[in-house]
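A look at the structure
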2 protein chains.
Amino acid sequence: MAQLRIALAQVNPTVGDLEGNAGLIVEWSRRAADAGAHLVAFPEMALTGYPVEDLALRTSFVEASQRALERLARRLADEGLGDLPVITGYLDRRTVGLPVRSSRSGQPAGAPLDAAAWLHGGEVLVRSAKHHLPNYGVFDEYRIFVRGDRLPVVRVHGVDVATVICEDLWQDGGPVSVTGGSGAGLLLAVNASPYERDKDDVRLDLCAERAREAGCALAYVNMVGGQDELVFDGDSVIVGPDGALLARAPKFTEHLLVADLALPAAGSPAEPGRTPVDAPDGTTITIDRHVLSPGTLPAYPVEPQAVAEPLDDLAEVYAALVLGTRDYVRKNGFRSVVLGLSGGIDSALVATIASDAIGPENVHAVLLPSRYSSEGSVVDAEDLVKRQGLNSRIVPIADMVEAFEKHLDLHGLADENLQARIRANVWMALSNEHGHLVLTGGNKSELATGYSTLYGDSAGGFGPIKDVFKLTVWELARWRNTQAGVVSPFLHPFAQEPIPEAIIVKEPSAELRPGQRDRDTLPEYTVLDPLLTDYVERDMGRDALVAAGHDPSLVERTIRLVDLAEYKRRQYPPGPKITPKNFGRDRRLPITNAWRERT
Amino acid sequence: MAQLRIALAQVNPTVGDLEGNAGLIVEWSRRAADAGAHLVAFPEMALTGYPVEDLALRTSFVEASQRALERLARRLADEGLGDLPVITGYLDRRTVGLPVRSSRSGQPAGAPLDAAAWLHGGEVLVRSAKHHLPNYGVFDEYRIFVRGDRLPVVRVHGVDVATVICEDLWQDGGPVSVTGGSGAGLLLAVNASPYERDKDDVRLDLCAERAREAGCALAYVNMVGGQDELVFDGDSVIVGPDGALLARAPKFTEHLLVADLALPAAGSPAEPGRTPVDAPDGTTITIDRHVLSPGTLPAYPVEPQAVAEPLDDLAEVYAALVLGTRDYVRKNGFRSVVLGLSGGIDSALVATIASDAIGPENVHAVLLPSRYSSEGSVVDAEDLVKRQGLNSRIVPIADMVEAFEKHLDLHGLADENLQARIRANVWMALSNEHGHLVLTGGNKSELATGYSTLYGDSAGGFGPIKDVFKLTVWELARWRNTQAGVVSPFLHPFAQEPIPEAIIVKEPSAELRPGQRDRDTLPEYTVLDPLLTDYVERDMGRDALVAAGHDPSLVERTIRLVDLAEYKRRQYPPGPKITPKNFGRDRRLPITNAWRERT
């Protein structure tokens, strides 16, 4: 056996910020060196950020990434880190075999690669690229990448270390399938895998399975941070060849996971070179061997392994929402947010998430009472403002409504929507005047059923609870109140419960007409949310929904509401994905769609 | 040689309307039978409409399509059309070899197929599916389909007729590559190929090339009609084995193209059955032979071939915008539209497109003068209303602006945007009150540079000129004025020029502050539009743009404007795609994106 101290740098890069991300890689490489690590690994596409979407098709961006990688290798050496092997993801392109100028299926323009490289001694030692390209859910990688066909195996202090990229773990065949035969003692997987509720154990199980398949330890480094609708949750892990968990990083926060591993010393003498091997998926993978340091290290004192405590379910969801919101604000250059505070649960939770994400001093609440607002609404909203120390102002909208009504003869829904849109005008005006980002308060139940006003309550730059069903909104609010005083990267240390109990227990209402209640027009959320989950997230048809026990007439009504609201969802701002299927890249349906589920 | 009269039914189905589309197929099959055709072919996915997007992943929809196909076969026979071979596209799924429950790359849930079938004698004779799946531009077919591997060859009156589907023509290998060896005398391609400016000759050239490759005549039937952001333009063609054009349908309109063809009689005796053949793309294609009628027909009088006159470029673009708008309105169940009429060229052109699409009696214009509106704007807008006979009303917004300003202290851009949003509130209120669809007046130059107000002038359900650069807006307006009195499916027969000359020649302005002109903040459109075309549609980087002759400082400023406006575009309504790359499915960039092109 040979000893090796490895470091997994679970960092938070920004899409497109090549210089900033390179700086991040240098900084965390230094931390790894300071910790005595013998190699450090960064996530998939850490140099460019991920996902870059169609930026991969822009030659200038691909070339900038290639140049940035070369510069990064030199800079690491210039700063005294040349001896530390640094593995990082970046964007590259294939230069041989694919003279492609315009996009065709499987041949995107410029033949871009989702690549990873070993940097050492000021140079790029070896490059490889993702073999299996995800093209489902939120991923469109057949559109923008060609597949890689190489497994780098690099000998570090007598241990052969192989590297693969993300989806290569998730699908059979490809480079992972030839790792066992390569004699590697450690398989290093670089990832950018987004958070989904209940996904963590799937990931650990997968790592364990692939470790057993490859017959060696597996180190999995994941990205952390928010990027538009995705939240990368970190949770980097190391498992032994038997699949046993050895070390685990905390979720949703940048972290350097350092672990001392006892690994099999490479058996055969070091022979650099390339060997093509047939993989079970019918492709040929070239094993590309390099030697950095052939001999094993003398024994050294082993540090204890770190296994982060898991977060409970609601803590995890809440952290995802806070991180997703914080990074959208920060990475888009904002310092403050504005939102309408209605006295209802949705805007109360969004305000709290915003406080936790960027500090209550940067949150600007606007109370916009109308003639239909209850006394309690304003009082409750003011209570929340006071508990959290938000900036706030009251802008009554009655005059504005009247100015419109003087010219327009409006009834029912048109009149209700007018109020919602006037409110949006106010917060958009404050956004334009003061440079705040507007946060939108709609939840997934609303978004699904179209129970919102286009350009009204749905208006804004980011929707923190867009992917959160109403029942979960209440659960999160109650959970958050249990955390008063707790200090964490996701929680502002409020001295008292940040959300007034009155807001949590009140009957949900949009307050757009006298005595309006959600349940006048929608079923109870305890009935609605499970039905929406089955229809939206599980794609179940009418008959399957009825067979699953949902009320037939409710099924038909709900399907119709969901289908008809597609045009509204298409104009909704992004928000953090927390479920297996969000409204966004995950679910792509035509607006013009005459299909109605029938018996 | 053998004679055969074939009919290509260039029809306009609606996505999801299985019953309506089946009715369309029966109706046009009867027309083909009445015209004495020996077979009739319908477009790709004619039974379901196209594209169905993620509906393909919904089991209930796939099964409904399968049942609808069987019902259609029986209905055709019941209505006396059982002897006519009917070829139509529909949605199917693979049932063997792929037990897939959840989506993975290349294995979408349920293994859906973009299929085509021959219907005859009340039954489904043979089924096949698209082999090459487009996954670039607006297409995401690796996400939703698995590939087909069969080439049906059906003997009809002694001629072997092979069928392929759309993308199978566009890429090498696959079923087209084995058609020559199959001995087919006619290759029938069923398509749903959307309009792009200047694409028509590419399509004809492709058909000619594939006909020569297959060594037989080729009949190409395309869909017609609007579906969200796509407009299918028809333009069905028949070419001889030498690639010579034999017949061509008009564009943008439903049409039955009937042609008498002299085709080689099948040489070998009829032997139904399946033969696997290796294709040059490394796949195996099974030739699936059937015989409907082995003997050739006695000679009959040949009808002259029809070759539709091509439309000129602007007529074609205009027809695409009218058809796209008409179908979005109609297929989404609207009968009328409302739009703000500013006196500027953009809203004037949109109003005219709307009049041409659904009749001026169904167009409701709102004039919303503010304190900054010029006298001329109202006069010009009223002139347009009168020329076209639109419904109109004037709603001055000064009172509403004041009602907001009383509560909010707004300056500069915030104040300008407020006016734009108040206008949007008015037309949205009229939409809600009267059930009109709101049309949005933004053009592609505006959308690219972010020169519009979110929830203001960008608000609405459909943007007819979303993909039209400003210079083309003027060209289209001038062209439309030359067509006064012309009767066509795309032009209302206005007695005089529908757009006042004063609107066409005036200096562009948003009129949101005193004396505002576009060129105070944007370069002249003669400079801007070519630069936007190179950056947006050709993905050229900063250096390439400068090398192409664009002014360096303008390049940097424009790139920045375009990149920063991504969040606005994401909330914009759909509009008809007319260029090689629209803002929509065609161009997918992150909102959070720190990449700035630099030297």
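All of these numbers come straight from a predicted model, not from anything done at the bench.

What follows deals with the overall build of chain A. Helix and strand counts for chain A stand at 19 helices and 20 strands. For chain A, whose C-alpha radius of gyration is 26 Å, the value lies close to the compact-globule estimate of 25 Å for 599 residues. Taking all 599 residues of chain A together, 65% fall into the buried category. Contacts spanning at least 24 positions in sequence make up 75% of the contacts within chain A whose residues lie at least 6 apart. A total accessible area of about 20,100 Å² is found for chain A, and carbon and sulfur atoms account for 51% of it. The average position of the 61 basic charges and that of the 82 acidic charges among the side chains of chain A differ by 4 Å.

Another aspect to go through is the pairing of strand β11 (residues 230-233) of chain A. Residue and element names in this part refer to chain A. The alternating pattern of β11 places Leu-230 and Phe-232 and Val-231 and Asp-233 on opposite faces, both of which are buried. Relative to β11, strand β10 (residues 224-227) runs antiparallel, the two being bridged by four bridges. Its bridge partner being in β11, Gly-226 is matched across the sheet by Val-231. Here β10 folds back onto β11, and the loop between the two strands holds two residues, one of which, Asp-228, carries a positive phi near 50 degrees.

When chain A is fitted to chain B, the residual RMSD is 0.0 Å, and the transformation amounts to a turn of 180 degrees plus an axial shift of 0.0 Å. Taken together, these values place the two copies in the relation of a two-fold axis. Considering only C-alpha atoms, the residue of chain A closest to the rotation axis is Gln-571 of chain A, which sits at 2.0 Å. A share of 100% of interface residues in chain A that are also interface residues in chain B marks the association as one of identical surfaces.

Contacts between the two partners involve 84 residues from chain A, matched on the other side by 86 residues from chain B. Roughly 7,600 Å² is buried in total at the junction of chain A and chain B, and carbon and sulfur atoms are behind 53% of that figure. Of all residues in chain A, Arg-58, Thr-592 and Trp-595 of chain A bury the most surface against chain B, accounting for 10% of the area lost on that side. The tally of links from chain A across to chain B stands at six salt bridges. Residue Asp-399 of chain A is joined to Lys-406 of chain B by a salt bridge in which the shortest nitrogen-to-oxygen separation is 2.2 Å. Among the secondary structure elements, those contributing two or more residues to the side of chain A that touches chain B are α2 (59-78), α3 (141-144), α4 (167-170), α7 (313-331), α10 (398-407), α11 (412-434) and α19 (566-570) of chain A. For the side of chain A that touches chain B, the element with the most residues is α11 of chain A, which contributes eleven residues.

Before going further, it helps to spend a moment on the side chain of Glu-566 of chain A. All names here are of chain A. The residue Glu-566 is located in helix α19 in this model. Within the local environment of Glu-566, its side chain forms a polar contact with the side chain of Arg-569, the two groups lying 3.0 Å apart. Once residues lying within four places of it in the same chain are set aside, the contact partners of Glu-566 are Arg-587, Leu-589, Pro-590 and Ile-591.

Before going further, it helps to spend a moment on the pairing of strand β16 (residues 284-291) of chain B. Residues and elements named next belong to chain B. Note: strand β6 (residues 150-156) against β16, six bridges, orientation parallel. Paired with Pro-152 across the bridge in β16 is Asp-288. Direction of pairing for strand β15 (residues 273-278) relative to β16: antiparallel, over a ladder of six bridges. In the strand pairing of β16, Arg-274 is matched with Asp-288. Two successive antiparallel strands, β15 and β16, enclose a turn made up of five residues, where Gly-282 displays a positive phi of approximately 85 degrees.

For the rest of this paragraph, the subject is helix α9 (residues 375-388) of chain B. All names here are of chain B. Its 14 residues place the ends of α9 21 Å apart at the C-alpha level, agreeing with the 20 Å of an ideal helix rising 1.5 Å per residue. Turning to α9, its buried residues number three or more, namely Ser-377, Asp-380, Ala-381, Leu-384, Val-385 and Gln-388. On an axial view of α9, the arc spanned by its buried residues comes to 140 degrees, and they lie on one face. Opposite its buried face, α9 presents the exposed residues Glu-375 and Lys-386, each directed more than 90 degrees away. Check the buried side of α9 and you find it contacts α8 (345-358), β18 (363-367), β19 (391-394) and α14 (501-505). Gly-389 sits one or two residues past α9 and shows a positive phi near 70 degrees.

A separate point is the pattern of salt bridges. All names here are of chain A. All told, the structure shown has 104 salt bridges over all chains when counted by the stated rule. A salt bridge links Asp-346 to Lys-470; the nearest nitrogen and oxygen atoms lie 3.1 Å apart. Of the two residues, Asp-346 is situated in helix α8 (residues 345-358) and Lys-470 in helix α13 (residues 470-481); the sequence distance between them amounts to 124 residues. You can call Lys-470 buried: its relative accessible area is 4%.

What follows concerns the sheet that holds strand β15 (residues 273-278) of chain A. Either a parallel or an antiparallel arrangement is found when strands of a sheet pair, and the pairing is made through backbone hydrogen bonds. Residue and element names in this part refer to chain A. Pairing within the open sheet is mixed, and its eight strands lie in the order β13-β12-β9-β8-β7-β6-β16-β15. The open sheet is flanked by β13 (245-248) and β15, the only strands paired with a single partner. The sheet shows a mean angle of 20 degrees between the axes of neighbouring strands, taken without regard to direction. Sheet topology places strand β9 (residues 217-222) next to strand β12 (residues 237-239); three bridges connect them, and they run antiparallel. Residue pairing for β12: Leu-218 is matched across the bridge by Val-239.

A word on the packing of α10 of chain A against α11 of chain A. Residue and element names in this part refer to chain A. Axis separation between α10 and α11 bottoms out at 10 Å; the angle between their running directions is 125 degrees. Taken together, the axes of α10 and α11 are oblique relative to one another. In this structure, α10 meets α11 at a crossing whose hand is right-handed. Across the interface between the two elements, Met-400, Val-401, Phe-404 and Glu-405 of α10 pack against Asp-415, Leu-418, Gln-419, Ile-422 and Val-426 of α11. Taken together, the residues that form the contact of α10 with α11 break down as six nonpolar, one polar and two charged.

Residues of chain A with pLDDT of at least 70 account for 97%, and the chain-wide mean is 94. Both confidence scores are given for the complex: pTM 0.96, ipTM 0.95.

A cluster of like negative charges, contributed by Asp-198, Asp-201, Asp-205 and Glu-209 of chain A, occupies part of the molecular surface. Within the element layout of this structure, Asp-205 of chain A appears in helix α6 (residues 200-214).

Here we take up the environment of Leu-246 of chain A. Residues and elements named next belong to chain A. You can see Leu-246 is positioned in strand β13. When its relative accessible area of 29% is taken as the criterion, Leu-246 is described as partly exposed. Put simply, Leu-246 and Leu-384 are 138 residues apart on the chain and 44 Å apart in space, counted from C-alpha to C-alpha. When neighbours within four sequence positions are excluded, Leu-246 is seen to be in contact with Ile-238, Val-239, Gly-240, Leu-261, Gln-305, Ala-306 and Val-307.

According to the stated counting rule, one finds 18 aromatic pairs over all chains in the structure shown. Summarising the aromatic geometry, the rings of Tyr-50 of chain A and Phe-232 of chain A are spaced 6.0 Å apart at their centres and angled 65 degrees between planes, so their arrangement reads as edge-to-face. Taken as a pair, Tyr-50 of chain A in the loop between β2 (39-41) and α2 and Phe-232 of chain A in strand β11 lie far apart in primary sequence, 182 residues in all. For the pair Tyr-50 of chain A and Phe-232 of chain A, one class covers both residues: buried. Between Tyr-455 of chain A and Tyr-455 of chain B, the ring centres sit 5.9 Å apart and the planes meet at 45 degrees, which makes this aromatic pair tilted. In this pair, Tyr-455 of chain A sits in the loop between α12 (444-449) and α13 while Tyr-455 of chain B sits in the loop between α12 (444-449) and α13 (470-482), so the two residues belong to two different chains. In this structure an aromatic cluster arises from ring pairing among Tyr-195, Phe-252 and Phe-490 of chain A. Between the NZ or CZ atom of Lys-470 of chain A and the centre of the ring of Trp-474 of chain A, over which it lies, the distance is 5.4 Å. Lying across the ring of Phe-583 of chain B, Lys-444 of chain B places its NZ or CZ 5.7 Å from the centre.

What counts, and where the lines are drawn
- Residues numbered from 1 in each chain as written.
- Chains lettered and ligands numbered in written order.
- Predicted model: local features only at pLDDT ≥ 70, side-chain atom pairs only at ≥ 80, totals over all residues.
- Heavy atoms only, no water.
- Helix = DSSP H or I, 4+ residues; strand = E, 2+ residues; numbered from the N terminus.
- Rg over C-alpha atoms; globule rule 2.2 N^0.38 Å.
- Buried < 20%, exposed > 50% of the residue type's maximum accessible area, 1.4 Å probe, protein only.
- Contact = heavy atoms within 4.5 Å.
- Areas by Shrake-Rupley, 256 points an atom, 1.4 Å probe, with all protein chains shown as cover.
- Lys, Arg positive; Asp, Glu negative; His and termini not counted.
- Charge placed at Lys NZ, Arg CZ, Asp CG, Glu CD.
- Pairing = 2+ DSSP bridges.
- Least-squares fit on C-alpha atoms with pLDDT ≥ 70 in both.
- Buried area = accessible area lost by both parts, 1.4 Å probe.
- Salt bridge = Lys/Arg side-chain N within 4 Å of Asp/Glu carboxyl O.
- Polar contact = N/O pair within 3.5 Å; in protein donor to acceptor, adjacent residues only side chain to side chain.
- Expected span 1.5 Å × (residues − 1).
- Arc of directions from axis to C-beta.
- Axes fitted to C-alpha atoms, helices over the stretch in contact; angles between N-to-C directions.
- Parallel < 35°, antiparallel > 145°, perpendicular 65-115°, else oblique.
- Left-handed = near helix turned anticlockwise from the far one by under 90°.
- Nonpolar A, V, L, I, M, F, W, Y, C, P; charged D, E, K, R; others polar.
- pLDDT = per-residue confidence, 0-100.
- Patch = residues over 30% accessible without salt bridge, like charges linked within 9 Å, V, L, I, M, F, W, Y side chains within 5 Å.
- Phe/Tyr/Trp six-rings, centres within 6.5 Å; stacked < 30°, edge-to-face > 60°.
- Lys NZ or Arg CZ within 6 Å of the ring centre and 35° of its normal.

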